[in-house]
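Observations on the three-dimensional arrangement
Chain by chain, the residues run as shown.
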Amino acid sequence: LLVTVEYMAFEDLMKPEVMALLKRHDVLAAPNIRAHYLNDDLDRFLAAYREAGLQVVWWPLLPREQGLYLNEKHAEDFLAHLDKIYAWAHERGHKIEALIVDIEPPNYQAGTDRAPEEREEETSAGDDLSIIWELMNKEEFETAIPKFQAVLDKLHQHGTVAISTAMDYAAVDLATGFPVAQDIAGGPSMLIDWDYVSFMNFGSQNTAFLSDLFQSLKMTWTVDDTRYFSYLICKQIADRYGNRAAISLGQTIPGEGHGAIWTDPADLGKDAAVCKAAGIVHFGIYDLEGIVNSPDPEAWLLAVKNAKPEKPKFSPKAAMLWNFLKKFSVYGQARRSWQK
(Lines give C-alpha, C1' and ligand atoms only; values in the text may rest on other atoms or scores of the structure.)
Protein backbone atom coordinates (compact mmCIF):
# COMPACT_ATOMS: atom_id res chain seq x y z
CA LEU A 1 0.00 0.00 0.00
CA LEU A 2 1.30 3.41 -1.04
CA VAL A 3 -0.05 6.89 -0.36
CA THR A 4 0.75 9.84 -2.57
CA VAL A 5 1.39 13.22 -0.98
CA GLU A 6 0.80 16.07 -3.40
CA TYR A 7 0.76 19.25 -1.30
CA MET A 8 1.76 18.53 2.32
CA ALA A 9 4.90 20.29 3.57
CA PHE A 10 7.81 18.12 4.67
CA GLU A 11 7.45 19.44 8.24
CA ASP A 12 3.88 18.09 8.30
CA LEU A 13 5.04 14.73 6.97
CA MET A 14 7.56 14.60 9.81
CA LYS A 15 4.94 14.99 12.54
CA PRO A 16 5.16 12.00 14.91
CA GLU A 17 1.50 11.02 14.45
CA VAL A 18 1.84 10.97 10.64
CA MET A 19 5.02 8.90 10.71
CA ALA A 20 3.48 6.54 13.28
CA LEU A 21 0.42 6.02 11.07
CA LEU A 22 2.57 5.07 8.08
CA LYS A 23 4.81 2.86 10.21
CA ARG A 24 1.90 1.06 11.88
CA HIS A 25 0.43 0.00 8.54
CA ASP A 26 3.68 -0.47 6.62
CA VAL A 27 2.67 2.17 4.08
CA LEU A 28 5.00 3.64 1.46
CA ALA A 29 4.92 7.44 1.24
CA ALA A 30 5.24 9.08 -2.18
CA PRO A 31 5.70 12.82 -1.64
CA ASN A 32 5.46 15.24 -4.50
CA ILE A 33 8.99 16.57 -4.96
CA ARG A 34 8.70 19.75 -6.97
CA ALA A 35 11.56 21.08 -9.06
CA HIS A 36 12.64 23.61 -6.41
CA TYR A 37 12.45 21.15 -3.50
CA LEU A 38 16.06 19.96 -3.76
CA ASN A 39 17.04 21.68 -0.52
CA ASP A 40 17.74 21.23 3.19
CA ASP A 41 14.06 20.59 4.00
CA LEU A 42 14.00 17.59 1.68
CA ASP A 43 17.33 16.43 3.09
CA ARG A 44 15.98 16.48 6.65
CA PHE A 45 12.76 14.74 5.62
CA LEU A 46 14.58 11.91 3.84
CA ALA A 47 16.97 11.44 6.77
CA ALA A 48 14.09 11.34 9.28
CA TYR A 49 12.19 8.73 7.29
CA ARG A 50 15.29 6.62 6.75
CA GLU A 51 16.04 6.69 10.49
CA ALA A 52 12.45 5.67 11.23
CA GLY A 53 12.59 2.78 8.76
CA LEU A 54 10.01 4.37 6.46
CA GLN A 55 10.52 3.98 2.72
CA VAL A 56 10.05 6.98 0.45
CA VAL A 57 9.00 6.70 -3.18
CA TRP A 58 10.03 9.83 -5.07
CA TRP A 59 7.33 11.61 -7.09
CA PRO A 60 9.13 14.38 -8.99
CA LEU A 61 7.40 17.07 -11.02
CA LEU A 62 8.66 19.63 -13.49
CA PRO A 63 8.03 23.36 -12.89
CA ARG A 64 4.50 24.50 -13.72
CA GLU A 65 5.78 26.44 -16.71
CA GLN A 66 7.02 23.12 -18.13
CA GLY A 67 3.68 21.43 -17.67
CA LEU A 68 4.51 19.43 -14.48
CA TYR A 69 4.50 15.94 -16.03
CA LEU A 70 6.47 13.66 -18.30
CA ASN A 71 4.81 13.70 -21.70
CA GLU A 72 5.55 13.93 -25.40
CA LYS A 73 6.23 17.67 -25.23
CA HIS A 74 8.47 17.67 -22.16
CA ALA A 75 10.35 14.36 -22.26
CA GLU A 76 13.72 16.08 -22.71
CA ASP A 77 12.96 18.46 -19.84
CA PHE A 78 12.12 15.49 -17.63
CA LEU A 79 15.33 13.67 -18.54
CA ALA A 80 17.39 16.76 -17.72
CA HIS A 81 15.56 17.15 -14.43
CA LEU A 82 16.34 13.56 -13.47
CA ASP A 83 20.04 14.36 -13.83
CA LYS A 84 19.62 17.22 -11.34
CA ILE A 85 17.75 14.95 -8.93
CA TYR A 86 20.35 12.21 -8.99
CA ALA A 87 23.23 14.69 -8.67
CA TRP A 88 21.58 16.24 -5.60
CA ALA A 89 20.75 12.87 -4.04
CA HIS A 90 24.33 11.63 -4.58
CA GLU A 91 25.76 14.81 -3.04
CA ARG A 92 23.51 14.48 0.03
CA GLY A 93 24.02 10.73 0.40
CA HIS A 94 20.47 9.60 -0.43
CA LYS A 95 19.55 6.52 -2.42
CA ILE A 96 16.48 6.86 -4.66
CA GLU A 97 15.10 3.36 -4.32
CA ALA A 98 11.85 3.91 -6.24
CA LEU A 99 10.43 6.75 -8.32
CA ILE A 100 7.00 7.49 -9.80
CA VAL A 101 7.19 8.63 -13.41
CA ASP A 102 4.00 10.67 -13.64
CA ILE A 103 2.87 10.55 -17.29
CA GLU A 104 0.02 12.95 -18.03
CA PRO A 105 -0.84 15.65 -20.58
CA PRO A 106 1.00 18.96 -20.01
CA ASN A 107 -0.74 21.01 -17.34
CA TYR A 108 -0.01 24.72 -17.52
CA GLN A 109 -2.65 26.00 -15.09
CA ALA A 110 -1.56 28.55 -12.53
CA GLY A 111 -1.16 27.60 -8.91
CA THR A 112 1.15 27.22 -5.94
CA ASP A 113 2.81 24.37 -4.07
CA ARG A 114 -0.39 24.08 -2.03
CA ALA A 115 -2.97 23.85 -4.83
CA PRO A 116 -3.87 24.91 -8.36
CA GLU A 117 -5.88 28.07 -8.82
CA GLU A 118 -9.65 27.66 -8.89
CA ARG A 119 -11.03 26.66 -12.25
CA GLU A 120 -12.71 29.73 -13.77
CA GLU A 121 -15.29 27.96 -15.93
CA GLU A 122 -16.45 24.48 -16.79
CA THR A 123 -15.72 23.16 -20.26
CA SER A 124 -18.38 21.74 -22.55
CA ALA A 125 -18.34 18.31 -24.16
CA GLY A 126 -17.45 20.00 -27.46
CA ASP A 127 -14.49 21.74 -25.84
CA ASP A 128 -13.31 18.45 -24.31
CA LEU A 129 -13.49 16.71 -27.69
CA SER A 130 -11.52 19.53 -29.30
CA ILE A 131 -8.83 19.16 -26.63
CA ILE A 132 -8.68 15.41 -27.29
CA TRP A 133 -8.05 15.94 -30.99
CA GLU A 134 -5.36 18.51 -30.21
CA LEU A 135 -3.57 16.13 -27.84
CA MET A 136 -3.53 13.34 -30.41
CA ASN A 137 -0.32 13.58 -32.44
CA LYS A 138 1.13 10.42 -33.96
CA GLU A 139 4.46 11.97 -34.92
CA GLU A 140 5.10 13.46 -31.48
CA PHE A 141 4.01 10.18 -29.88
CA GLU A 142 6.43 8.04 -31.88
CA THR A 143 9.27 10.53 -31.39
CA ALA A 144 8.70 10.29 -27.63
CA ILE A 145 9.10 6.49 -27.43
CA PRO A 146 12.94 6.45 -27.30
CA LYS A 147 12.87 9.41 -24.89
CA PHE A 148 10.54 7.55 -22.52
CA GLN A 149 12.81 4.52 -22.84
CA ALA A 150 15.74 6.76 -21.89
CA VAL A 151 13.87 7.70 -18.70
CA LEU A 152 13.56 4.03 -17.75
CA ASP A 153 17.19 3.38 -18.63
CA LYS A 154 18.35 6.29 -16.48
CA LEU A 155 16.36 5.04 -13.48
CA HIS A 156 17.76 1.54 -13.86
CA GLN A 157 21.31 2.87 -14.22
CA HIS A 158 20.88 4.33 -10.74
CA GLY A 159 19.26 1.19 -9.32
CA THR A 160 15.85 2.83 -9.00
CA VAL A 161 12.57 0.92 -9.31
CA ALA A 162 10.50 2.64 -12.03
CA ILE A 163 6.77 3.06 -11.37
CA SER A 164 4.95 4.69 -14.25
CA THR A 165 1.45 6.10 -14.13
CA ALA A 166 -1.32 5.75 -16.69
CA MET A 167 -4.87 7.01 -16.95
CA ASP A 168 -7.43 4.28 -16.21
CA TYR A 169 -9.22 4.68 -19.54
CA ALA A 170 -5.88 4.03 -21.29
CA ALA A 171 -6.56 0.36 -20.50
CA VAL A 172 -8.67 0.38 -23.67
CA ASP A 173 -5.35 0.41 -25.59
CA LEU A 174 -4.65 -3.01 -24.10
CA ALA A 175 -7.94 -4.27 -25.52
CA THR A 176 -7.56 -2.80 -29.02
CA GLY A 177 -3.79 -2.82 -29.47
CA PHE A 178 -3.88 0.82 -30.60
CA PRO A 179 -2.02 3.50 -28.54
CA VAL A 180 -4.78 6.08 -28.97
CA ALA A 181 -5.61 6.70 -25.30
CA GLN A 182 -1.91 6.86 -24.44
CA ASP A 183 -1.42 9.50 -27.13
CA ILE A 184 -4.23 11.57 -25.60
CA ALA A 185 -3.02 10.97 -22.03
CA GLY A 186 0.57 12.16 -22.40
CA GLY A 187 2.62 9.61 -24.29
CA PRO A 188 3.70 5.98 -24.65
CA SER A 189 3.13 5.02 -21.02
CA MET A 190 2.46 1.36 -21.87
CA LEU A 191 4.99 0.87 -24.67
CA ILE A 192 7.87 0.96 -22.18
CA ASP A 193 8.67 -1.98 -19.90
CA TRP A 194 8.37 -0.20 -16.56
CA ASP A 195 8.85 -2.21 -13.37
CA TYR A 196 5.32 -1.33 -12.26
CA VAL A 197 2.45 0.51 -13.94
CA SER A 198 0.01 2.34 -11.67
CA PHE A 199 -3.33 3.28 -13.22
CA MET A 200 -5.26 6.22 -11.74
CA ASN A 201 -8.80 4.98 -11.12
CA PHE A 202 -10.53 7.55 -8.91
CA GLY A 203 -14.03 6.36 -8.13
CA SER A 204 -15.18 9.70 -6.75
CA GLN A 205 -14.23 11.74 -9.81
CA ASN A 206 -15.26 9.06 -12.32
CA THR A 207 -18.71 8.92 -10.73
CA ALA A 208 -19.10 12.71 -10.81
CA PHE A 209 -17.84 13.08 -14.38
CA LEU A 210 -19.81 10.18 -15.84
CA SER A 211 -22.97 11.19 -13.97
CA ASP A 212 -22.78 14.60 -15.63
CA LEU A 213 -22.01 13.06 -19.01
CA PHE A 214 -24.92 10.62 -18.90
CA GLN A 215 -27.25 13.29 -17.55
CA SER A 216 -26.52 15.32 -20.69
CA LEU A 217 -27.69 12.24 -22.62
CA LYS A 218 -30.88 12.08 -20.52
CA MET A 219 -29.61 8.97 -18.74
CA THR A 220 -28.58 8.19 -15.18
CA TRP A 221 -25.22 6.93 -13.96
CA THR A 222 -24.59 5.70 -10.42
CA VAL A 223 -21.60 4.69 -8.35
CA ASP A 224 -22.55 1.05 -9.02
CA ASP A 225 -22.08 1.72 -12.73
CA THR A 226 -18.69 3.24 -11.96
CA ARG A 227 -17.61 0.20 -10.03
CA TYR A 228 -18.53 -2.21 -12.81
CA PHE A 229 -16.67 0.05 -15.25
CA SER A 230 -13.66 -0.05 -12.91
CA TYR A 231 -13.92 -3.84 -12.79
CA LEU A 232 -13.78 -4.06 -16.60
CA ILE A 233 -10.76 -1.76 -16.66
CA CYS A 234 -8.94 -3.58 -13.86
CA LYS A 235 -9.54 -6.98 -15.48
CA GLN A 236 -7.80 -5.73 -18.60
CA ILE A 237 -4.92 -4.30 -16.55
CA ALA A 238 -4.47 -7.38 -14.36
CA ASP A 239 -4.55 -9.70 -17.37
CA ARG A 240 -1.80 -7.68 -19.04
CA TYR A 241 0.48 -6.77 -16.12
CA GLY A 242 -0.28 -9.30 -13.39
CA ASN A 243 1.75 -8.60 -10.25
CA ARG A 244 3.29 -5.50 -11.86
CA ALA A 245 -0.04 -3.67 -11.97
CA ALA A 246 -1.21 -1.16 -9.40
CA ILE A 247 -4.34 0.94 -9.01
CA SER A 248 -4.35 4.38 -7.41
CA LEU A 249 -7.69 4.92 -5.65
CA GLY A 250 -9.29 8.16 -4.54
CA GLN A 251 -9.85 10.96 -4.22
CA THR A 252 -9.55 12.39 -0.72
CA ILE A 253 -8.56 15.89 -1.97
CA PRO A 254 -9.48 17.64 -5.27
CA GLY A 255 -5.90 17.85 -6.55
CA GLU A 256 -4.70 19.40 -9.81
CA GLY A 257 -7.79 18.08 -11.60
CA HIS A 258 -10.25 19.84 -9.26
CA GLY A 259 -11.85 16.42 -8.79
CA ALA A 260 -14.73 15.20 -6.66
CA ILE A 261 -13.74 13.52 -3.40
CA TRP A 262 -14.90 10.68 -1.17
CA THR A 263 -15.72 11.68 2.39
CA ASP A 264 -16.43 8.15 3.67
CA PRO A 265 -13.63 5.54 3.84
CA ALA A 266 -16.23 2.86 3.09
CA ASP A 267 -16.50 4.16 -0.48
CA LEU A 268 -12.77 3.72 -0.96
CA GLY A 269 -13.03 0.21 0.47
CA LYS A 270 -15.78 -0.73 -1.98
CA ASP A 271 -13.64 0.58 -4.86
CA ALA A 272 -10.73 -1.54 -3.63
CA ALA A 273 -12.91 -4.65 -3.33
CA VAL A 274 -13.90 -4.36 -6.99
CA CYS A 275 -10.28 -3.96 -8.11
CA LYS A 276 -9.19 -6.91 -5.99
CA ALA A 277 -11.90 -9.06 -7.56
CA ALA A 278 -10.42 -8.18 -10.95
CA GLY A 279 -6.97 -9.37 -9.84
CA ILE A 280 -5.21 -6.19 -8.64
CA VAL A 281 -2.89 -6.65 -5.65
CA HIS A 282 -0.97 -3.34 -5.37
CA PHE A 283 -2.76 -0.15 -4.35
CA GLY A 284 -2.10 3.54 -3.91
CA ILE A 285 -4.38 6.10 -2.29
CA TYR A 286 -4.64 9.69 -3.41
CA ASP A 287 -3.96 11.48 -1.07
CA LEU A 288 -2.39 11.41 2.42
CA GLU A 289 -3.50 14.98 3.15
CA GLY A 290 -7.17 14.06 3.01
CA ILE A 291 -6.48 11.01 5.14
CA VAL A 292 -4.64 12.74 8.00
CA ASN A 293 -7.12 15.63 8.04
CA SER A 294 -10.09 13.28 8.39
CA PRO A 295 -11.73 12.34 11.72
CA ASP A 296 -10.35 8.78 11.48
CA PRO A 297 -7.16 8.57 9.36
CA GLU A 298 -6.67 4.90 10.12
CA ALA A 299 -10.05 4.02 8.62
CA TRP A 300 -8.94 4.98 5.11
CA LEU A 301 -5.92 2.68 5.18
CA LEU A 302 -7.85 -0.18 6.74
CA ALA A 303 -10.68 0.21 4.21
CA VAL A 304 -8.27 -0.64 1.41
CA LYS A 305 -6.11 -3.15 3.29
CA ASN A 306 -9.08 -5.13 4.65
CA ALA A 307 -11.31 -4.99 1.56
CA LYS A 308 -12.36 -8.45 0.43
CA PRO A 309 -12.59 -9.11 -3.33
CA GLU A 310 -16.15 -8.55 -4.49
CA LYS A 311 -17.24 -8.69 -8.11
CA PRO A 312 -19.71 -5.88 -8.76
CA LYS A 313 -23.16 -6.27 -10.21
CA PHE A 314 -23.25 -6.18 -14.02
CA SER A 315 -23.96 -2.72 -15.44
CA PRO A 316 -25.26 -2.52 -19.03
CA LYS A 317 -24.31 1.17 -19.15
CA ALA A 318 -20.74 0.48 -18.06
CA ALA A 319 -20.45 -2.31 -20.63
CA MET A 320 -21.83 0.05 -23.27
CA LEU A 321 -19.29 2.72 -22.31
CA TRP A 322 -16.41 0.22 -22.47
CA ASN A 323 -17.51 -0.93 -25.93
CA PHE A 324 -17.85 2.69 -27.05
CA LEU A 325 -14.30 3.43 -25.92
CA LYS A 326 -13.00 0.49 -27.93
CA LYS A 327 -14.80 1.74 -31.03
CA PHE A 328 -13.50 5.25 -30.38
CA SER A 329 -9.99 3.78 -30.18
CA VAL A 330 -10.39 2.21 -33.62
CA TYR A 331 -11.66 5.52 -35.05
CA GLY A 332 -8.88 7.42 -33.27
CA GLN A 333 -6.25 5.12 -34.75
CA ALA A 334 -7.66 5.74 -38.22
CA ARG A 335 -7.56 9.48 -37.58
CA ARG A 336 -3.95 9.22 -36.38
CA SER A 337 -3.01 7.35 -39.54
CA TRP A 338 -4.11 10.38 -41.56
CA GLN A 339 -1.71 12.61 -39.68
CA LYS A 340 1.64 13.32 -41.28
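Note that the structure is a prediction, hence the values are computed from the model and not measured. (Residues numbered from 1 in each chain as written. Predicted model: local features only at pLDDT ≥ 70, side-chain atom pairs only at ≥ 80, totals over all residues. Heavy atoms only, no water.)

Here we come to the pairing of strand 8 (residues 282-286). Burial within strand 8 is extensive, with 4 of its 5 residues counted as buried. Pairing geometry for strand 1 (residues 2-5) and strand 8, over 3 bridges, is parallel. Residue pairing in the sheet places leucine 2 in a bridge with glycine 284 of strand 8. Examined bridge by bridge, strand 7 (residues 245-250) and strand 8 share 5 bridges and lie parallel to one another. The partner of leucine 249 across the bridge, within strand 8, is isoleucine 285. The parallel pair strand 7 and strand 8 is bridged by helix 11 (residues 265-277), and the resulting crossover is right-handed. (Buried < 20%, exposed > 50% of the residue type's maximum accessible area, 1.4 Å probe, protein only. Helix = DSSP H or I, 4+ residues; strand = E, 2+ residues; numbered from the N terminus. Pairing = 2+ DSSP bridges. Right-handed = clockwise from strand over helix to strand, strands pointing away.)

So, on to the side chain of aspartate 225. Secondary-structure assignment places aspartate 225 in helix 10 (residues 223-241). Using a relative accessible area of 8% as the deciding quantity, one classes aspartate 225 as buried. A polar contact of 2.7 Å, which involves the side chain of aspartate 225, links it to the side chain of serine 315. (Polar contact = N/O pair within 3.5 Å; in protein donor to acceptor, adjacent residues only side chain to side chain.)

For strand 7, the buried fraction is high: 6 of the 6 residues fall into the buried class. Of the two faces of strand 7, the one carrying Ala245, Ile247 and Leu249 and the one carrying Ala246, Ser248 and Gly250 are both buried. Bridge count for strand 6 (residues 196-200) against strand 7 is 4 bridges, and the pairing is parallel. Residue methionine 200 lies in a different strand from strand 7, and its bridge partner there is serine 248.

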